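Residue strings, one per chain:
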Amino acid sequence: GGGKTYSTVDMILHNLNGPKAQRRRFVYASTELTKDVTLRKLMSDRYRQWVTGIDLSDRALKESDKGVEEWFKSDIFPIFESVEATGHIVLDDPKDSPAAKFLLSWQNTAYRTVRHRGIGLTSIQHSMRNGRWSSQAYSSVKFVHTFPRGSGKGKLVDYLSKDIGVRLGDARE
């Protein structure tokens, strides 16, 4: 409810509705691909040639009639590997997927390597301190966007002060 998916989709749509020569191809992987109303416009026929969706949900795993590892290796990983230069991959809360173990390994390697292939990577996380899910990101990414709400503002101040080294007064400001 903080606007993470909405903000990401908005940036993608801004690109796709811009000049054709500057459009990128996107892969959007989410456990909520068919449920989240925010993703409906992005997954519409209008953007089909530019956006590939990957359903990471329990339902998608059941429909595949495969084990988790085989499902990841045959249905998910090949799509990530097929992304060409200037493409962009979005992992929307991959921690909730039954393939989380494999997505974590792939994501943490991708943070360090896909940029060398000219590919962008966005990983939407629900926590700034998300253990193994976010630790590699902080040493490998160019931007971190935060969406503080309610008590999250205090966590953001704490994060800026303790983890980033911003003076406490400046972090509060």
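See above for the structure.
Residues numbered from 1 in each chain as written. Predicted model: local features only at pLDDT ≥ 70, side-chain atom pairs only at ≥ 80, totals over all residues. Heavy atoms only, no water.

Engineer: Sorry if this is basic, but what is going on with the nonpolar core here?
Structural biologist: In globular proteins that are soluble, nonpolar side chains generally tend to be buried together. Formed by 22 residues in total, the largest nonpolar core has its most connected members in Phe72, Ile76, Phe80, Ile89, Trp106 and Leu121. Elements with a minimum of two residues in this core: strand S1 (26–30), helix H2 (58–64), helix H3 (68–82), strand S3 (88–92) and helix H4 (100–113). With five residues, the top contributor of residues to this core is H4. Once you skip the residues sitting within four places of it in the chain, Phe80 turns out to touch Val27, Ala29, Ile54, Phe72, Ile89, Leu91, Leu103, Trp106 and Arg117. The next biggest cluster of nonpolar side chains, apart from the first, holds 14 residues, and it includes Phe26, Leu33, Leu42 and Tyr47. (Core = buried A, V, L, I, M, F, W, Y, C linked by side-chain atoms within 4.5 Å. Buried < 20%, exposed > 50% of the residue type's maximum accessible area, 1.4 Å probe, protein only. Helix = DSSP H or I, 4+ residues; strand = E, 2+ residues; numbered from the N terminus. Contact = heavy atoms within 4.5 Å.)

Engineer: Hey, could you run me through the pattern of salt bridges in this one?
Structural biologist: Pairing between side chains of opposite charge can happen when their charged atoms approach one another. Going through the model one piece at a time under the given rule, you end up with seven salt bridges. Across the pair Asp45 and Arg48 runs a salt bridge whose closest N-O atoms are separated by 2.2 Å. Relative accessible area serves as the criterion here: at 60%, Asp45 is assigned to the exposed category. Residues joined by salt bridges that share partners form a network here, namely Asp55, Arg59 and Glu63. (Salt bridge = Lys/Arg side-chain N within 4 Å of Asp/Glu carboxyl O.)

Engineer: Please clarify how the pairing of strand S4 (residues 120–124) should be interpreted in this entry.
Structural biologist: Across a regular strand the side chains alternate sides, sitting on one face of the sheet and then on the other. Among the five residues that make up S4, four are buried, leaving the element largely enclosed by the rest of the structure. Note that S3 and S4 share five bridges and pair parallel. Within S4, the residue paired with Leu91 across the bridge is Ser123. Handedness of the crossover joining S3 and S4 through H4: right-handed. (Pairing = 2+ DSSP bridges. Right-handed = clockwise from strand over helix to strand, strands pointing away.)

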